[in-house]
Amino acid sequence: MNRPNEIPPPASLTWPEAGVSRVPLRVYTDQALYEQEQDKIFRGPTWNFVALEVELADVGDFKSTFVGDTPVVITRDADGNIHGWVNRCAHRGALICRELRGNIGEQGTHTCVYHQWAFDPAGDLVGVPFRRGLAGKGGYPEDFDLKDHGLHKLKVEAFQGLIFATFDHSLEDVETHIGETAAHYIKRLFNRPIKLLGVHRQYMNSNWKVYAENLRDPYHASLLHLFHCTFGLYRSSQEGGISLDPTFRHSVLTSKNTGEEAATDEYESDAISTYDQTYTLNDPSLLAGRPEFEDGKSAVIQTIFPGLVLQQIANTLAVRQVLPKGVGNFELVWVYFGYIDDDAEMDMIRLKQFNLIGPAGLVSMEDGEATELVQQSAWSNPDALECIEMEGLDIKRESSLLSEGNIRAFWQVYREMLGI
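Nothing here was measured: the structure is a model prediction, and the numbers come from that model. (Residues numbered from 1 in each chain as written. Predicted model: local features only at pLDDT ≥ 70, side-chain atom pairs only at ≥ 80, totals over all residues. Heavy atoms only, no water.)

A closer look at the sheet that holds strand β8 (residues 118-119)
Okay, so step 1: Ordered by their spatial adjacency, three strands build an open sheet running β7-β8-β9, and the pairing between neighbours is antiparallel. The sheet is open, and its two edges are formed by β7 (110-111) and β9 (125-127), each paired on a single side.
Okay, so step 2: Looking at chain direction, β8 and β9 are connected through two bridges and run antiparallel. In the strand pairing of β9, F119 is matched with L125. (Pairing = 2+ DSSP bridges. Helix = DSSP H or I, 4+ residues; strand = E, 2+ residues; numbered from the N terminus.)

Printed below as a string of structure tokens:
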């Protein structure tokens, strides 16, 4: 992994003349390209989701996470302020925080186990053992100043209960950066105080961008997922579509299961294997939820570039954090939540419907395998090209559930940020 101030080597990639309707599989296998992504995207002018505010509810709370593949720690200090810093000791570069989350109390410090340099929640150095030496021997020079040896700090901002961090301290505020459309759907989902219900962590043997494509692809959802298609949770024949912000960075996929969708004749005539009416549920209460949003949308999948997903599928509410773990691997962290004012019945509905998503979810388990199938092919065929032409070759702000324009938008933004 390159340090933030290093210039990654050039990637060995020439983009096809056809533009974003053709994507070389080499984007999933090129190590130099991966390093450029870390430098220009994740450590560049982007806001990266790092935590929910409720995960740091108390003074002294902290959470270890990543921006791209850079380890960072998010903290709350005694004044209630939120901070973020790179999880790398200013002394010898050791990892400071080794726990996923915890609390150091009001006066506690984050102390590196190697030489016990101690840092406060803001990332400032507050203690160095034997700084003045022992018995007149050793120690640091007299001009050694603790203020000069703090941790690498990130700009951190909370928006609607979500905490974002960036290496770019000149970046505009989160709401301005993500735009009106993205902000509207975040406010829709985080419309009142929430409570945590659980966390899943999932590792996939594929490049993070394969999953980024998957998230922006409404075409696959009613073809790959038997549960979606068969039980009508999501079908391409339902009312819905894709909305993009003006920069094409952020997207929202919505559908509405009103029971008034178009006939399923085409699913039957085209012999779609994942539309199979012989499947039934032993426990139909799995889908016996409640309507809870005024707009009546039954599925909303929102992406905030580069690595955040916000979801509502029926009554399941979650954020997903996409974390690159090398050119051919990524981690997907699912954080499930409900609302503080949910009653006991709604708590049980949400907990039961969590069986739809996550690593072994009845809906989402196929996504993991699909991304790995793409990656396996990319390793052996890096010069092959994806064909992304559904609903034309251009990019529209609004499109249907049978479109790949949202994927083309992702690749356009990607190319612009990397200059390829």
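Looking at the pairing of strand β4 (residues 70-76)
Okay, so step 1: The buried fraction of β4 amounts to seven of the seven residues, a majority that puts the element mostly inside the structure.
Okay, so step 2: Where burial is concerned, the two faces of β4 agree: the one with T70, V72, I74 and R76 and the one with P71, V73 and T75 are both buried.
Okay, so step 3: The pairing of strand β3 (residues 61-67) with β4 spans six bridges and is classified as antiparallel. Bridged to F66 within β4 is P71.
Okay, so step 4: The antiparallel hairpin formed by β3 and β4 contains two residues in its connecting segment, where G68 sits at a positive phi of about 65 degrees. (Buried < 20%, exposed > 50% of the residue type's maximum accessible area, 1.4 Å probe, protein only.)

A short note on unusual backbone geometry
Okay, so step 1: In this model, F305 is joined to P306 through a cis peptide bond whose omega is 5 degrees.
Okay, so step 2: With phi around 55 degrees, Q160 is a residue other than glycine that occupies positive phi space.
Okay, so step 3: Among the structural elements, Q160 can be located in the loop between β10 (155-159) and β11 (162-166).
Okay, so step 4: Although it is not a glycine, F248 sits at a positive phi angle of roughly 70 degrees.
Okay, so step 5: Here F248 lies in the loop between β13 (239-244) and β14 (251-256).

Let's talk about the pattern of salt bridges
Okay, so step 1: Enumeration according to the criterion identifies 20 salt bridges in this entry.
Okay, so step 2: A salt bridge links D145 to K147, with the nearest nitrogen and oxygen atoms 3.2 Å apart.
Okay, so step 3: Judged by relative accessible area, D145 falls into the partly exposed class, the value being 26%.
Okay, so step 4: Notably, a salt bridge pairs R350 with E292, separated by 2.9 Å at the nearest N-O pair. With a gap of 58 residues between them, R350 in helix α7 (residues 344-353) and E292 in the loop between α6 (265-269) and β15 (299-304) connect regions that are remote in the sequence.
Okay, so step 5: Assessed through its relative accessible area of 0%, R350 is described here as buried.
Okay, so step 6: One continuous salt-bridge network, built from bridges that share partners, spans E55, K63 and R101. (Salt bridge = Lys/Arg side-chain N within 4 Å of Asp/Glu carboxyl O.)

Focus on the sheet that holds β4
Okay, so step 1: If you walk across this open sheet you meet the four strands as β5-β4-β3-β6, and the pairing is antiparallel. Of all the strands in the sheet, just β5 (82-86) and β6 (101-103) have a single pairing partner and so form its edges. Taken pair by pair, the neighbouring strands of this sheet meet at an average axis angle of 25 degrees, ignoring direction. (Axes fitted to C-alpha atoms, helices over the stretch in contact; angles between N-to-C directions.)

Regarding the packing of aromatic side chains
Okay, so step 1: Under the criterion given, the structure shown has 16 aromatic pairs.
Okay, so step 2: Positioned over the ring face of Y339 is R192, at 3.8 Å from the centre of the ring. (Phe/Tyr/Trp six-rings, centres within 6.5 Å; stacked < 30°, edge-to-face > 60°. Lys NZ or Arg CZ within 6 Å of the ring centre and 35° of its normal.)

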